[in-house]
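Summary of the model geometry
Okay, here's what each chain looks like letter by letter:
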2 protein chains.
Amino acid sequence: MKNFNFYNPTRILFGKNSIADLKDQVPDDAKVMILYGGGSAERTGVLDQVRSALAGRTVLEFGGIEPNPRFATAMKAVEMIREKEITFLLAVGGGSVIDATKFIAAAAKYDGDTWEILTSRGSVIKQALPFGTVLTLPATGSEMNSGGVITNPEKGAKLPFNSVYCYPIFSVLDPEVTYTLPTRQIANGVVDAFVHTIEQYLTYPAAAYVQDGFAESLLRTLIDLGPKALETPENYDIRANLMWTATMALNGLIGAGVPQDWASHMIGHEITALNDTDHARTLAVVLPSLMNDQRGPKREKLLQYASNVWGIHEGSDDVRIDAVIDATCGFFEQMGIKTRLGDYGIDAHDIDHIVTALQDHGMTALGENKAIAPDDARRILEAAL
Amino acid sequence: MKNFNFYNPTRILFGKNSIADLKDQVPDDAKVMILYGGGSAERTGVLDQVRSALAGRTVLEFGGIEPNPRFATAMKAVEMIREKEITFLLAVGGGSVIDATKFIAAAAKYDGDTWEILTSRGSVIKQALPFGTVLTLPATGSEMNSGGVITNPEKGAKLPFNSVYCYPIFSVLDPEVTYTLPTRQIANGVVDAFVHTIEQYLTYPAAAYVQDGFAESLLRTLIDLGPKALETPENYDIRANLMWTATMALNGLIGAGVPQDWASHMIGHEITALNDTDHARTLAVVLPSLMNDQRGPKREKLLQYASNVWGIHEGSDDVRIDAVIDATCGFFEQMGIKTRLGDYGIDAHDIDHIVTALQDHGMTALGENKAIAPDDARRILEAAL
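Residues numbered from 1 in each chain as written. Chains lettered and ligands numbered in written order. Predicted model: local features only at pLDDT ≥ 70, side-chain atom pairs only at ≥ 80, totals over all residues. Heavy atoms only, no water.

**A few points about the overall build of chain A**
What chain A contains, in helices and strands, is 14 helices and 9 strands. Compactness check: chain A gives a C-alpha radius of gyration of 21 Å against a globular reference of 21 Å for 385 residues, within 12% of the reference. Taking the intrachain contacts of chain A between residues at least 6 apart in sequence as the baseline, contacts between residues at least 24 apart amount to 77%. When the 33 basic and 48 acidic side-chain charges of chain A are each reduced to a single mean position, those positions are 3 Å apart. (Helix = DSSP H or I, 4+ residues; strand = E, 2+ residues; numbered from the N terminus. Rg over C-alpha atoms; globule rule 2.2 N^0.38 Å. Contact = heavy atoms within 4.5 Å. Lys, Arg positive; Asp, Glu negative; His and termini not counted. Charge placed at Lys NZ, Arg CZ, Asp CG, Glu CD.)

Below, the structure written as structure tokens:
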């Protein structure tokens with residue numbers, strides 16, 4: 001096991017009707033801003049539940065945070081916060097709204113040019129407004145970690161940031177609010193959580209048996225429950241376990257003390273930048289091809305994954321690795337998510353563009369061994385056509 | 001899954017040479033009291049490592065905290081803290097030293113009669129001195145939770161307390177400091193962590209697949225590594241995984257959203273009170289007999305435990321339950337821990353005393369269903385003679 005420093009102070013309020021518990025978590029004298037995205041929080045009644053829970057407090061609302069949230073939108077919120085002297089933020093939404101709220105919380109307390117928060121990857125953050133979240137979409141894990149991603153189309157930039165000041169004070173996870181999500185979003189969320197787990201697990205052996213066991217358990221849960229969640233959207237136990245799995249997949253716990261990969265994410269980001277393919281779908285394309293390409297360095301963990309997650313025990317090493325890659329693709333397809341670049345309108349010519357973008361963004365030494373260079377990424381992409 | 005509220009803000013500094021990292025965790029201007037137990041912290045060099053890490057700071061030391069730490073000892077520390085205006089506590093030891101430090105941290109900031117902290121089970125605590133820990137014995141999980149137990153022989157009382165103000169700010173876990181522990185303490189620690197996990201897992205099905213998967217993974221790790229830890233005391237990976245497992249077994253995570261039992265602990269406490277049998281050994285006696293006795297209400301989880309932890313799939317329900325109880329006893333015996341009351345000099349006459357003590361302490365409705373009455377406890381104990 002590698003040395004590690006684990007810290008996660010976010011309180012989780014989990015379960016049926018838990019939105020009402022907000023009233024005990026937001027300070028009585030707070031001036032609150034509720035931040036949300038498009039119309040779904042209103043349509044599904046989640047916003048009304050939040051408003052009821054905060055009845056009697058001073059509350060402003062700020063809607064319209066986009067998927068891949070924009071710097072300019074966030075700065076509008078910051079302006080309003082400063083003008084109205086808001087003291088507490090409440091994100092109501094999925095990963096985009098929560099990521100934006102983290103940035104806004106830090107930017108509202110930042111004296112300099114707030115763009116520096118992103119160029120410094122968050123290291124300039126020394127304080128942030130306190131904030132909580134009400135999660136509506138299980139996927140990114142943003143509800144229990146301290147990172148986010150903000151997009152600035154004018155600068156052609158999509159930049160991550162992270163700061164110890166950006167943990168939510170609390171996050172409310174009511175699985176019932178996911179009943180009405182579109183199939184596509186549930187499928188994306190399951191695959192996103194799956195690949196988050198894989199990025200922290202499928203590397204090289206580090207004798208971290210606790211973390212491996214937890215990761216394998218999350219993967220088995222997603223494989224078992226993902227397809228069932230599509231079939232029976234209003235099954236509480238399925239939605240509850242998916243929601244908690246997605247949170248546990250990226251709250252720092254399974255990643256503590258182990259090597260991490262994240263190459264599929266970095267390559268996938270450039271595909272999204274190219275033609276706006278859903279993030280989870282880019283992962284479903286890149287990961288299987290990367291597993292196949294990296295079967296040398298990842299051999300031991302691929303065999304462990306085959307055995308402990310999929311029960312694949314028969315055949316030579318390569319036969320078992322072939323089988324587990326097939327099984328992984330099969331799972332993504334079962335979730336209604338295609339696994340070839342061609343399925344998303346990307347052809348051989350586009351690969352040049354993607355590889356150049358990786359180089360432009362400094363992504364020239366990816367993976368747990370920092371050994372995936374642009375040429376390797378090209379080969380992985382070509383095999384995924 | 002049941003609704004839950006999960007919160008754990010303790011920072012974990014894990015790994016080789018991590019004691020040196022103390023210097024960044026204790027405030028520069030703190031007046032520190034180091035609290036420890038007997039001579040082992042001195043003998044093993046752990047105290048010297050701590051002193052080096054805190055070089056340049058104002059540091060006082062308070063040694064002599066007993067196993068089953070005493071109220072009177074804790075109050076001597078409180079007196080010195082008030083007199084010397086100590087601002088930060090650092091526990092160096094196992095569960096007893098850490099439990100005592102939690103109580104001392106709260107008592108030093110309590111205006112009334114500090115005994116009320118225990119009679120209220122901690123509910124009167126409204127503040128505590130900040131404190132960290134350096135763990136030397138993996139077992140109780142106290143390094144990453146907010147509870148403790150204090151004994152007062154004059155009042156014939158051993159009382160638990162819990163408070164959100166009693167989380168360590170940080171805990172340092174260096175697996176290398178466990179190399180020199182006596183075999184008996186390692187064995188006790190493994191069995192203690194095992195039964196902590198079982199108490200939160202072996203109840204009735206609650207559709208908490210994430211928590212079940214994590215618990216099963218911890219149990220498999222203990223079964224695999226426990227005996228190896230006795231054979232090869234200086235194997236870093238084994239000690240590291242045992243240490244992290246024991247922490248994860250009682251930091252609130254696997255217990256969030258599930259029913260909990262704790263009957264084996266409550267019955268075991270009275271055995272320790274009777275003749276000072278090691279805590280873990282009382283659990284190794286009571287748990288197998290309780291599993292056998294409660295095979296009705298626990299049937300589904302016993303079969304899940306047999307299958308997922310021990311790979312027992314053959315035979316009727318009762319055959320598999322018999323087999324998994326045998327396997328559990330076999331594991332305890334393999335750790336050098338006997339599983340019958342007679343092994344600890346307890347006979348049929350003593351059972352009356354134990355059952356009366358349970359009644360006197362209000363332990364009349366134990367277990368996840370609050371259905372284990374004193375007569376049931378008597379039957380469980382008689383079957384363990």
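**Examining the pattern of salt bridges**
Residue and element names in this part refer to chain B. In this structure the tally under the stated criterion is 39 salt bridges over all chains. A salt bridge links E42 to R51; its shortest N-O distance comes to 2.9 Å. Exposure remark for E42: the relative accessible area of 35% places this residue in the partly exposed category. Measuring nitrogen to oxygen at the nearest pair gives 2.6 Å for the salt bridge that ties E61 to R51. In this pair, E61 sits in strand β4 (residues 58-62) while R51 sits in helix α2 (residues 46-53), placing the two residues 10 residues apart along the sequence. (Salt bridge = Lys/Arg side-chain N within 4 Å of Asp/Glu carboxyl O. Buried < 20%, exposed > 50% of the residue type's maximum accessible area, 1.4 Å probe, protein only.)

**Comments concerning the packing of helix α13 (residues 348-360) of chain A against helix α14 (residues 374-382) of chain A**
Helix-helix packing is described using two parameters, namely the angle between the two axes and the distance between the axes. Residues and elements named next belong to chain A. Here α13 crosses α14 at 150°, and the two axes come no closer than 10 Å. Compared by their axis directions, α13 and α14 come out roughly antiparallel. Viewed along their axes, α13 and α14 form a crossing whose handedness is right-handed. Of the residues in α14, those touching α13 at I351, D352, I354, V355, L358 and Q359 are P374, A377, R378, L381 and E382. Looking at the contact of α13 with α14 residue by residue, the classes come out as 7 nonpolar, 1 polar and 3 charged. (Axes fitted to C-alpha atoms, helices over the stretch in contact; angles between N-to-C directions. Parallel < 35°, antiparallel > 145°, perpendicular 65-115°, else oblique. Left-handed = near helix turned anticlockwise from the far one by under 90°. Nonpolar A, V, L, I, M, F, W, Y, C, P; charged D, E, K, R; others polar.)

**A closer look at the sheet that holds strand β2 (residues 11-14) of chain A**
Across the sheet, which stays open at both edges, the 7 strands sit in the order β4(A)-β3(A)-β5(A)-β6(A)-β9(A)-β2(A)-β1(B) with mixed pairing between neighbours. Looking at which strands have only one partner, the edges of the open sheet turn out to be β4 (58-62) of chain A together with β1 (4-6) of chain B. For this sheet the average axis-to-axis angle between neighbouring strands, irrespective of direction, equals 15°. In this structure, strand β5 (residues 88-93) of chain A lies alongside strand β6 (residues 131-135) of chain A, joined through 5 bridges in parallel fashion. Within the sheet, the bridge partner assigned to A:L89 lies in β6(A) and is A:F131. Along the sheet, helix α4 (residues 95-107) of chain A makes contact with β3 (31-36), β5 and β6 of chain A, crossing β5(A) at roughly 165°. (Pairing = 2+ DSSP bridges.)

**Comments concerning the interface of chain B and chain A**
Each partner contributes residues to the interface: chain B has 37 residues there, and chain A has 37 residues. A combined buried area of about 3300 Å² lies between chain B and chain A, and 59% of that area is made up of carbon and sulfur atoms. In terms of surface lost to chain A, no three residues of chain B exceed B:M1, B:F214 and B:W244, which account for 18% of the buried area on that side. Taken together, chain B and chain A are joined by 0 salt bridges. At the surface where chain B touches chain A, the tally comes to 16 residue pairs in polar contact (both at pLDDT 80 or more). (Buried area = accessible area lost by both parts, 1.4 Å probe. Polar contact = N/O pair within 3.5 Å; in protein donor to acceptor, adjacent residues only side chain to side chain.)

**Things to note about the domain arrangement of chain A**
Residue and element names in this part refer to chain A. On domain assignment, one finds that chain A holds domain 1 (11-177) and domain 2 (182-382). One C-alpha centre belongs to domain 1, the other to domain 2; they are set 27 Å apart. Contact with domain 1, which involves 18 residues of that partner, is made by 16 residues of domain 2. Approximately 1500 Å² of surface area, both sides summed, lies buried where domain 1 meets domain 2, with 68% of it carried by carbon and sulfur atoms. Remark: the boundary between domain 1 and domain 2 carries 0 salt bridges. At the surface where domain 1 touches domain 2, the tally comes to 3 residue pairs in polar contact (both at pLDDT 80 or more). (Domains from an automatic or database assignment.)

**Some points on the side chain of A:T245**
Looking at the secondary structure, you find A:T245 in helix α8 (residues 236-248). For A:T245, a relative accessible area of 0% translates into the label buried. Leave out the neighbours within four places in its chain, and A:T245 touches A:L218, A:T221, A:L222 and B:V210.

**Side note on unusual backbone geometry**
In terms of backbone geometry, most residues other than glycine have negative phi values and most peptide bonds are trans. Residues and elements named next belong to chain B. Its identity is not glycine, yet N17 carries a phi of approximately 60°, on the positive side. With respect to the helices, strands and loops of the structure, N17 is situated in the loop between β2 (11-14) and β3 (31-36). In this structure, W262 takes a positive phi of about 70° despite not being glycine. Mapped onto the fold, W262 is located in the loop between α8 (236-248) and α9 (263-275).

**A word on the relation of the copies chain B and chain A**
Note on the identical chains: chain B maps onto chain A by a rotation of 180° and an axial translation of 0.0 Å, with an RMSD of 0.0 Å. Each copy turns onto its partner about a two-fold axis. Judged by C-alpha distance, B:P9 is the residue of chain B that lies nearest the rotation axis, at 2.0 Å. (Least-squares fit on C-alpha atoms with pLDDT ≥ 70 in both.)

**A look at the environment of A:I267**
Residue and element names in this part refer to chain A. Positionally, I267 belongs in helix α9 (residues 263-275). In this structure the C-alpha to C-alpha distance between I267 and L366, which are 99 residues apart in sequence, comes to 9.1 Å. Not counting residues up to four positions away in its chain, the partners in contact with I267 are V286, I354, L358, L366, A377 and L381.

**Remarks on α13(A)**
It helps to recall that an α-helix has 3.6 residues per turn; residues three or four apart then point in one direction. Residues and elements named next belong to chain A. The first and last C-alpha atoms of α13 sit 19 Å apart over 13 residues, in line with the 18 Å expected at 1.5 Å per residue. Turning to α13, its buried residues number three or more, namely I351, I354, V355, A357 and L358. Down the axis, α13 shows its buried residues gathered within 155° of arc, on one side only. Within α13, the exposed residues directed more than 90 degrees away from the buried face are H349 and D360. Each element contacted by the buried residues of α13 is listed here: α9 and α14. Its side-chain oxygen 3.1 Å from the backbone nitrogen of H349, D347 forms the N-cap of α13. Looking at the residues trailing α13, positive phi occurs at G362, about 75°. (Expected span 1.5 Å × (residues − 1). Arc of directions from axis to C-beta.)

**Examining the UniProt feature "domain: Alcohol dehydrogenase iron-type/glycerol dehydrogenase GldA" (unreviewed entry) in chain A**
Per the UniProt record, "domain: Alcohol dehydrogenase iron-type/glycerol dehydrogenase GldA" (unreviewed entry) is annotated on residues 9-175 of chain A. End-to-end, the C-alpha atoms of residues 9-175 of chain A are 22 Å apart, and along that stretch the chain is 26% helix and 25% strand. (UniProt positions renumbered as here; feature names shortened; annotations may be inferred.)

**A word on the pairing of strand β5 (residues 88-93) of chain B**
Counted residue by residue, β5(B) has 6 buried out of 6 residues, so it is predominantly covered. Here β5(B) shows a buried face lined by B:F88, B:L90 and B:V92 and a second buried face lined by B:L89, B:A91 and B:G93.

**A look at the UniProt feature "domain: Fe-containing alcohol dehydrogenase-like C-terminal" (unreviewed entry) in chain A**
The sites that carry the UniProt feature "domain: Fe-containing alcohol dehydrogenase-like C-terminal" (unreviewed entry) are, in the present numbering, residues 187-383 of chain A. Structurally, residues 187-383 of chain A comprises 65% helix and 0% strand, and the distance from its first C-alpha atom to its last is 24 Å.

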